[in-house]
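# Descriptive structure summary
What follows is the residue order along each chain.
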Amino acid sequence: MSLPARLFRWTATPMGRRALLALTAAIVILMACNPLLAPLLPVVDALGLDVLVLLMGAQAMALLPWVRLHAGRIARVFLKILSGLIAGAVGSYMRALLFSGVRGTA
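Residues numbered from 1 in each chain as written. Predicted model: local features only at pLDDT ≥ 70, side-chain atom pairs only at ≥ 80, totals over all residues. Heavy atoms only, no water.

Size it by volume and the largest pocket reaches roughly 390 Å³. Of all elements in the fold, only α1 (3–11), α2 (14–33) and α4 (49–105) reach the threshold of two or more residues within the lining of the largest pocket. The biggest single contributor to the lining of the largest pocket is α4, with 8 residues. Looking at the lining of the largest pocket residue by residue, the class counts come to 12 nonpolar, 3 polar and 1 charged. (1 Å grid on protein atoms, 1.4 Å probe; cavity = no way out; pocket = protein on both sides within 12 Å on 5 of 7 lines; lining within 4 Å. Points joined across faces, edges and corners; volume = space filled by probe spheres on them. Helix = DSSP H or I, 4+ residues; strand = E, 2+ residues; numbered from the N terminus. Nonpolar A, V, L, I, M, F, W, Y, C, P; charged D, E, K, R; others polar.)

What follows is the structure in structure tokens.
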């Protein structure tokens, strides 16, 4: 099954529709709060939010094969960074517990 067919099938589900609603709301809030994107609001008003989402979807469909190609490498790097941060946080917490317990008994 092709990638666009899977995406269209996913957006037909209730969870997919909720995710698209949340994504659309986040984009509108981002555009309204960011002064650099504020000139885009009249375009959204003139074209309509559905046309803007359709154009962004077309851009996403053009970008998805590239993301799919590079997602594995990006995910591995992200997981290494995340595991290092978690190990550092857990290690410092365990050190604090160990040394506070040793100080209390001495």
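The next thing to look at is the environment of A71. On the secondary structure map, A71 appears in helix α4. By relative accessible area, A71 is classed as partly exposed at 34%. Considered as a pair, A71 and R18 are 53 residues apart in the sequence and their alpha carbons are 24 Å apart. (Buried < 20%, exposed > 50% of the residue type's maximum accessible area, 1.4 Å probe, protein only.)

Once that is clear, we can look at a nonpolar patch on the surface. On the surface, a cluster of nonpolar side chains totalling about 810 Å² of accessible area is made up of F78, L79, L82, I86, V90, Y93, M94 and L97. Looking at the element boundaries, M94 is found in helix α4. (Patch = residues over 30% accessible without salt bridge, like charges linked within 9 Å, V, L, I, M, F, W, Y side chains within 5 Å. Areas by Shrake-Rupley, 256 points an atom, 1.4 Å probe, with all protein chains shown as cover. Salt bridge = Lys/Arg side-chain N within 4 Å of Asp/Glu carboxyl O.)

Model confidence for the chain is summarised by a mean pLDDT of 78, while 93% of its residues fall at 70 or above. Here α1 stands out as the element of the chain with the lowest mean pLDDT, 75, in contrast to α2, whose mean of 81 is the highest. (pLDDT = per-residue confidence, 0-100.)

Bringing α2 into the picture now. Over its 20 residues, α2 runs 29 Å from end to end, which matches the ideal 28 Å to within 8%, given 1.5 Å per residue. Of the positions making up α2, those classed as buried are G16, T24 and M31. Here the buried residues of α2 occupy an arc of 75° about the axis, which is enough to place them on one side. The exposed residues of α2 that point more than 90 degrees off its buried face are M15, R18, L21, I29, A32 and C33. (Expected span 1.5 Å × (residues − 1). Arc of directions from axis to C-beta.)

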